[in-house]
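Coordinates in review
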Amino acid sequence: MAFKEQLAKYFTELKSYFNVSADLEPQADTEASIRAGVSFKGSQLLILVFAIFVASLGLNTDNVAVIIGAMLISPLMGPIIGMGLGIGISDYNLLQRGLKNIIMAVLGSIIASAIYFLISPQYEDGSQLLARTSPSIYDVFIAFFGGAAGIVSMACKNKGQVLPGVAIATSLMPPLCTAGYGLATLQPHFFFGALYLFFTNMVFILFATWVGVKAMRFKAVVFKDDKKARRVQTIVTVIVTVTIGLSAWLTVKMIRTNVFMLNATQFVNQEMVFPNTQVLSHKEYISDGKRYIDVTLIGEALPKDSLQLAMLHKLDSVGLGGTILNIKQGFSLNNFTDNSKSMNQLYGMMQQEITQRQNRIDSLQTVIARRTAFDDEATRLAPEVKVLFPEVEDLALSNMVLAGVNNSLTDTVNMVFIRSSKEITEQQRAKIADYIAVRLHRTKVHVSVNPHSFPWPTIVDSK
């Protein structure tokens, strides 16, 4: 019993940390603050236009600090939180006002952004711009928890700096600027993708506000139409459910794409490694539900059919079965004239290939020179040996390779073959070997006297 009482005590104390009722302002004060931020006229509209231009500049130059600054000064959160409050307390006049103002804010933002990108001299799809065209389930969570933090901060006495942080986290401004960019450059992918991302953020900020209002038990307006309230709440629930479903589907699709891209890149880096051929470039992508890997090779040409078959077998073994692999081994320099990065990469790889081949040539030339030098010395040494060792009639020198038949041992042997009409003692044989070794700077020389069946040259009588 004592244990249960102690556990209940700890649980009650824990609940006290999350009890915000003591910090809440009167509902009337919170409503007045939210209602004041719903309107988009005069200074609010001008601030929004200026914030749009700042955000467009940040996206155009891919400057994160500028984008964050634009989100800090943007007043877009006001109408959205007002709509959530209107649904929560069944004030449909407030809901209509918020909806009207957010539509005007969206139209004004897109037009202002489109005007900027029409006059901007720089048209580059920066990473921050592209990142605002693919909504996912993560955006749902960000918007929901951000909206929850927003309504709690507005309803409490100690507001702090929560709302600016929510504006940054939920990223309402960049999608509208991206939509303006898509409109200015006639790119539907940017326009509709960014609008959907903004719609996702807006819906879940609104939903979080609605849930927060209900959780904090705000009283509904006096004149309440239950039938209309249920209809509005049903519509909002359907919109939220559909948005979650679409976002979840896009997230699964995004995760599958990222996993494929990662595995495909690892496959190219680990499996497509060849001695005299290098990967010049590779591209992994999904089109019409099919997965593709395009690889361009430079260096010695490889057998196309055998290479394709071997790589497809490896694709199956690493879980990339069904991927279409396109391997290119021939290309024209004209393909790279418009891409300085590819040209520099190609130039560097060609320089590396030339250096490797030149080193190989130099190494082979050194080996050939060393192997032939010993053989060529026979003609020069023959007169000297004849003077020092009169019994020697013919001389042959060779650097030979010894290979084991019953084992894998190999070695090189410096051989001297001698033809003599007189018997040569072991002492004379040793002296000849030492002399030739010193004379030709060799560490060890073997002498063979009168080898059987050696093809000595014969002098043909011309008479």
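Scroll up for the structure.
Worth saying up front: this structure is predicted, and the values here are computed from it rather than measured.

On to the overall build of the protein chain, then. Looking only at helices and strands, one finds 15 helices and 6 strands in the protein chain. Across the 463 residues of the protein chain, 38% fall into the buried class. Partitioning the intrachain contacts of the protein chain with sequence separation of at least 6 by distance along the chain shows that 71% fall at a separation of at least 24.

So, on to the nonpolar core. Side chains of nonpolar character tend, in soluble globular proteins, to be buried together. Grouped together as the largest cluster of nonpolar side chains are 55 residues, with contacts concentrated most on Leu-76, Ile-102, Met-173 and Phe-198. Among the secondary structure elements, those contributing two or more residues to this core are helix H3 (43-61), helix H4 (64-73), helix H5 (77-88), helix H6 (92-119), helix H8 (137-155), helix H10 (173-184), helix H11 (188-215) and helix H12 (226-271). By residue number, the principal contributor to this core is H11, which donates 10 residues. Not counting chain neighbours up to four residues away, the residues in contact with Phe-198 comprise Leu-76, Ile-102, Val-106, Leu-172, Pro-175 and Leu-176. Ile-418, Ile-424, Leu-440 and Val-447 belong to the second-largest nonpolar core, a separate cluster that totals 17 residues.

On to the side chain of Ser-448. Tracing the backbone shows Ser-448 in strand E6 (residues 446-449). The class for Ser-448 is buried, based on a relative accessible area of 18%. Beyond its immediate chain neighbours, meaning those up to four positions away, Ser-448 contacts Met-415, Val-416, Phe-417, Ile-418 and Arg-429.

Right, let's get into the sheet that holds strand E5 (residues 410-420). Note on sheets: strands pair through backbone hydrogen bonds, and any given pair is parallel or antiparallel. Pairing in this open sheet of 3 strands is mixed, and the strands run E4-E5-E6 from one edge to the other. The two strands at the open ends of the sheet, each matched to only one other strand, are strand E4 (392-403) and E6. When the angles between neighbouring strand axes are averaged without regard to direction, this sheet yields 25°. Examined bridge by bridge, E4 and E5 share 11 bridges and lie antiparallel to one another. Bridge pairing links Val-392 to Ser-420 in E5. Lying on the sheet, helix H15 (residues 426-439) is in contact with E4, E5 and E6; it crosses E6 at an angle near 135°.

If you walk through the whole model with that rule in mind, you get 12 aromatic pairs. Between Phe-144 and Phe-207, the aromatic rings sit 5.7 Å apart at their centres with planes inclined by 40°, giving tilted as the arrangement. With Phe-144 in helix H8 and Phe-207 in helix H11, the pair connects residues that are 63 residues apart, well separated along the chain. Judged by centre distance (5.2 Å) and plane angle (80°), the ring pair of Tyr-181 and Phe-190 falls under edge-to-face. Of the two residues examined, Tyr-181 and Phe-190, each falls in the buried class. Among the aromatic residues, those joined into a ring-pair cluster are Phe-53, Tyr-116, Phe-117, Tyr-181 and Phe-190. A cation over a ring is seen here: Lys-283 above Tyr-285, with NZ or CZ 5.1 Å from the ring centre.

Residues lying three or four places apart along an α-helix face the same way, a consequence of the helix completing one turn every 3.6 residues. With 14 residues, helix H13 (residues 304-317) extends 20 Å from end C-alpha to end C-alpha; this agrees with the ideal 20 Å at 1.5 Å per step. Every buried residue of H13 is listed here: Leu-307, Met-311 and Leu-315. All buried residues of H13 lie within an arc of 70° about the axis, which places them on one face of the element. Structural note: H13 exposes Asp-305, Ser-306, Leu-309, His-313, Asp-316 and Ser-317 on the side pointing more than 90 degrees away from its buried face. Positive backbone phi, at 80°, marks Gly-319, one or two positions downstream of H13.

Read across the sheet, 3 strands follow the order E1-E2-E3 without closing on themselves; strand pairing throughout is mixed. Each having just a single partner strand, strand E1 (277-287) and strand E3 (324-328) make up the two edges of the open sheet. Averaged over all pairs of adjacent strands, the angle between strand axes in this sheet comes to 15°, irrespective of strand direction. For E1 and strand E2 (residues 290-299), the ladder comprises 10 bridges, and the chain directions are antiparallel. By the bridge assignment for E2, Val-279 is matched with Leu-297. Against the sheet, H13 makes contact with E2 and E3, and its axis sits at roughly 145° relative to E3, the strand it touches most.

Between its first and last C-alpha, H5 extends 17 Å over 12 residues, near the 16 Å set by a 1.5 Å rise per residue. Of all 12 residues in H5, 12 are buried; the element is thus mostly enclosed. Among the residues of H5, Met-77, Gly-78, Pro-79, Ile-80, Ile-81, Gly-82, Met-83, Gly-84, Leu-85, Gly-86, Ile-87 and Gly-88 are the ones counted as buried.

This paragraph deals with the pairing of E2. With 7 of 10 residues buried, E2 lies mostly within the body of the structure. Connecting E1 to the next strand, E2, in antiparallel fashion are 2 residues, including Asp-288 with a positive phi near 55°. Here E2 runs beside E3; their pairing, made up of 5 bridges, is parallel. Note that in E3 the partner of Thr-296 across the bridge is Lys-328. For the crossover that starts at E2, traverses H13 and ends in the parallel E3, the hand is right-handed.

Attention now goes to the packing of H10 against H11. Between H10 and H11, the shortest axis-to-axis distance is 7 Å and the interhelical angle comes to 160°. With respect to their mutual orientation, H10 and H11 come out roughly antiparallel. Like other packed secondary-structure pairs, H10 and H11 cross with a definite hand, here left-handed. Here H10 contributes Pro-175, Leu-176, Thr-178, Ala-179, Tyr-181, Gly-182 and Leu-183 to the contact with H11, which in turn contributes Phe-190, Phe-191, Ala-194, Leu-195, Leu-197 and Phe-198. Looking at side-chain class alone, the contact of H10 with H11 contains 11 nonpolar, 2 polar and no charged residues.

This part covers a nonpolar patch on the surface. Judged by side-chain polarity, Leu-99, Ile-103, Met-104, Leu-107, Ile-111, Ile-115, Leu-118 and Ile-119 come together as a nonpolar surface patch covering roughly 780 Å² of accessible area. On the secondary structure map, Leu-99 appears in helix H6.

Rules of the game
Residues numbered from 1 in each chain as written. Predicted model: local features only at pLDDT ≥ 70, side-chain atom pairs only at ≥ 80, totals over all residues. Heavy atoms only, no water. Helix = DSSP H or I, 4+ residues; strand = E, 2+ residues; numbered from the N terminus. Buried < 20%, exposed > 50% of the residue type's maximum accessible area, 1.4 Å probe, protein only. Contact = heavy atoms within 4.5 Å. Core = buried A, V, L, I, M, F, W, Y, C linked by side-chain atoms within 4.5 Å. Pairing = 2+ DSSP bridges. Axes fitted to C-alpha atoms, helices over the stretch in contact; angles between N-to-C directions. Phe/Tyr/Trp six-rings, centres within 6.5 Å; stacked < 30°, edge-to-face > 60°. Lys NZ or Arg CZ within 6 Å of the ring centre and 35° of its normal. Expected span 1.5 Å × (residues − 1). Arc of directions from axis to C-beta. Right-handed = clockwise from strand over helix to strand, strands pointing away. Parallel < 35°, antiparallel > 145°, perpendicular 65-115°, else oblique. Left-handed = near helix turned anticlockwise from the far one by under 90°. Nonpolar A, V, L, I, M, F, W, Y, C, P; charged D, E, K, R; others polar. Patch = residues over 30% accessible without salt bridge, like charges linked within 9 Å, V, L, I, M, F, W, Y side chains within 5 Å. Areas by Shrake-Rupley, 256 points an atom, 1.4 Å probe, with all protein chains shown as cover. Salt bridge = Lys/Arg side-chain N within 4 Å of Asp/Glu carboxyl O.

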